Amino acid sequence: MSSGNVIAALQVALPADRIRLGAEIGERHHTDWTRMDPQCPRALLLPRATEEVSTMLRICHAYGQPVVPQGGLTGLVGGAHPQAQEVALSLERMNAIGEVDCSGGTITVEAGAILENVQQAALAADFVCGLDIGARGSCTLGGNIATNAGGNHVVRYGMARDNVLGLEVVLADGSIVSSLNKMIKNNSGYDLKHLFIGSEGTLGVITRAVLKLHPQSRSTQCALLALPGLDAALQVLRQAKAHLGGGLSAFEVMWPSFYHFVTRLPGVDSPLSGDHGLYLLLEAQGSDEAQDAERFEQLLSGWLEQGLLEDAALAQSVEDRKRFWHLRDAVAEFPVFLPKRSTFDVSFPLDGMAQAIAQIEHKAEANWPGCTRLYFGHLGDNNLHIVIDVPGTQGAYAESIEELVYDCVGALQGAVSAEHGIGRKKRQHLGRSRSLEEITLMHTLKRALDPLGILNPGKVL
Ligand code: FAD
Ligand code: ZN
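Asks: Report on the site of ligand 1, specifying residues and quantitative values.
Replies: Inspection of the region around ligand 1 gives 34 residues, with Pro69, Gly71, Gly72, Thr74 and Thr140 positioned closest. Contact distances for ligand 1 include 2.6 Å between an oxygen atom and a backbone N or O atom of Pro69. Here an oxygen atom of ligand 1 and a side-chain polar atom of Thr147 are 2.9 Å apart. Starting from 980 Å² of accessible surface for ligand 1 in isolation, the protein chains cover 92%. The set of elements that each furnish at least two residues to the shell around ligand 1 consists of strand E3 (67-70), helix H4 (141-146) and strand E10 (205-215). Per-class residue counts for the shell around ligand 1 are 14 nonpolar, 18 polar and 2 charged.

Asks: Give me the coordination of the zinc ion (ligand 2): which residues, what numbers.
Replies: Taken together, the protein donors to the zinc ion (ligand 2) comprise His378 (NE2), His385 (NE2) and Glu419 (OE), at separations of 1.9 to 2.2 Å. As a motif over one chain, the donors of the zinc ion (ligand 2) read H-x6-H-x33-E. You can see His385 sitting in strand E17 (residues 383-389) and its partner Glu419 sitting in the loop between helix H14 (398-411) and helix H15 (436-449), a full 34 residues away along the chain. A single burial state applies to His385 and to Glu419, both of which are buried.

Asks: Describe the packing of aromatic side chains, naming the residues involved and giving the relevant values.
Replies: Here a ring pair, both rings aromatic, is described through the centre-centre distance and the interplanar angle of the planes. Overall, the coordinates contain 8 aromatic pairs when judged by the stated rule. Both rings, one in Phe344 and one in Tyr406, keep their centres 5.5 Å apart while their planes meet at 80 degrees; by these two values the pair is edge-to-face. One end of the pair, Phe344, is in strand E15 (residues 342-347); the other, Tyr406, is in helix H14, and 62 residues separate them in sequence. You can call Phe344 buried: its relative accessible area is 4%.

Asks: Help me get a handle on the environment of Asp450, residues and values and all.
Replies: Counting through the fold element by element, Asp450 comes out in the segment after H15. Along the primary structure Asp450 and Leu203 are separated by 247 residues, whereas in three dimensions their C-alpha atoms are 6.5 Å apart. What Asp450 contacts, discounting residues up to four positions off in sequence, is Ala172, Thr202 and Leu455. There is a polar contact of 2.7 Å between the side chain of Asp450 and the side chain of Lys446.

Asks: Which residues make up the pairing of strand E6 (residues 106-110), and what values go with them?
Replies: Counted residue by residue, E6 has 5 buried out of 5 residues, so it is predominantly covered. Here E6 shows a buried face lined by Thr106, Thr108 and Glu110 and a second buried face lined by Ile107 and Val109. The sheet contact formed by strand E5 (residues 97-101) and E6 spans 3 bridges and is antiparallel. Each residue of the ladder has a partner; that of Asp101, found in E6, is Thr106. Counting the residues in the hairpin turn of E5 and E6 gives 4 residues, including Gly105, whose phi is positive at 70 degrees.

Calculation criteria
Residues numbered from 1 in each chain as written. Chains lettered and ligands numbered in written order. Predicted model: local features only at pLDDT ≥ 70, side-chain atom pairs only at ≥ 80, totals over all residues. Heavy atoms only, no water. Near = heavy atom within 4 Å. Polar contact = N/O pair within 3.5 Å; in protein donor to acceptor, adjacent residues only side chain to side chain. Areas by Shrake-Rupley, 256 points an atom, 1.4 Å probe, with all protein chains shown as cover. Helix = DSSP H or I, 4+ residues; strand = E, 2+ residues; numbered from the N terminus. Nonpolar A, V, L, I, M, F, W, Y, C, P; charged D, E, K, R; others polar. Donors = N, O, S within 2.8 Å, 3.2 Å for Na, K, Ca; no water. Buried < 20%, exposed > 50% of the residue type's maximum accessible area, 1.4 Å probe, protein only. Phe/Tyr/Trp six-rings, centres within 6.5 Å; stacked < 30°, edge-to-face > 60°. Contact = heavy atoms within 4.5 Å. Pairing = 2+ DSSP bridges.

The structure is reproduced here in structure tokens:
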């Protein structure tokens with residue numbers, strides 16, 4: 001069938017307001033957070049129910065029409081970025097949040113629901129949603145699951161994958177696979193949801209999900225710590241896991257270049273004095289304020305005695321805690337202060353982290369003397385974020401900087417994507433983190449689920 005008729009076929013099958021064309025689409029849908037190469041898609045589809053997603057995909061499949069699923073468009077790798085000949089399918093109108101099942105501790109949600117609204121619904125029922133990322137006010141649960149999003153509290157609650165119990169998905173040919181399981185244990189054959197979690201819209205469109213919720217914590221302990229270096233941080237991490245158990249909720253490490261950069265920004269101040277080898281934002285949650293505070297302070301004193309800490313600022317109030325997090329969250333200001341920077345979201349085995357940073361430091365300084373290099377990350381999850389900026393060059397060396405970092409990732413058995421996914425941006429680097437056999441199996445799965453290749457072409461593989 002000629003793909004020219006696909007729009008007419010969609011218009012016949014669906015109510016008029018489900019399809020937008022041309023200027024009606026709105027520039028928001030032309031790209032994602034990367035702002036890469038904005039393109040107006042052929043049409044924007046706005047389903048209101050799973051059956052409508054099914055109709056849309058059935059028709060697109062019949063016409064061989066490529067489709068780009070879109071959520072909140074906060075993705076950082078161009079996963080939701082459309083091409084001019086593609087149709088964008090936005091889940092934004094499918095944003096219903098169902099009742100919390102208090103006995104099992106689950107919530108069933110439509111894929112277009114904004115993460116922050118899901119978090120609030122969980123809190124209102126005295127639970128906590130394990131997923132939390134900086135883009136919470138704009139990203140959607142479907143996007144979070146499609147990218148297997150991480151965030152600041154992965155060390156306690158895991159990634160999106162660890163928080164999903166059931167999924168409803170529409171396949172490329174329009175078939176609906178409803179697997180809204182609510183049970184922790186269900187080994188009845190393959191656990192199909194895992195195929196779609198982290199598949200970045202290439203294997204199916206997620207329409208609904210069941211999330212596991214967690215009991216609310218009654219106390220939060222937070223400290224900003226100065227350490228002599230990475231070895232000390234790794235010892236602190238081991239001991240924190242052992243002594244705080246599942247209560248360890250954030251282990252955010254900032255290298256001195258990052259710390260000094262952000263504490264020079266307007267409105268960001270340092271509660272610590274002097275220069276140190278490494279800075280750590282440590283947070284723990286528990287159920288008994290007095291006991292938790294005592295245990296946390298004992299841990300810090302022990303580390304001071306062992307020489308693992310050089311200075312410590314303990315949050316005494318919610319304001320202190322916000323101030324400490326503000327320092328870490330100052331990355332949100334980077335687009336203003338370093339508009340042409342190269343940014344990386346990579347992982348390294350913990351025992352290779354120091355070598356990785358030393359290699360990148362050495363090569364970056366040799367190639368671009370005096371360039372800005374900032375390192376920070378969720379160390380507890382192996383995740384390192386890197387920012388490199390060569391002042392005055394308007395990003396001219398972006399490709400060489402990418403080669404430098406991803407060469408190092410490949411050589412040290414790291415991951416080219418820790419939490420943001422592959423999308424369009426990292427596609428050519430996938431082979432540095434995955435073997436030929438792994439990539440061949442990914443292609444086999446893709447062909448089995450989407451034989452015509454209409455779902456998010458040019459992404460991931
Ligand atoms: P989109 O950007 O719209 O889409 C992302 C991908 O998912 C695309 O490939 C798209 O095709 C696919 N997709 C979207 N919805 C569906 C669906 N229903 N079915 C199938 N496929 C779908 N990420 C982290 O992991 N951790 C962080 O800490 C983090 N912090 C961030 C902070 C900021 C300020 C910003 C801007 C981004 C951050 N991100 C982070 C990245 C981003 O927010 C996540 O990748 C998020 O999960 C994307 O959700 P979204 O709804 O915006 O998806
Ligand atoms: Zn991150």
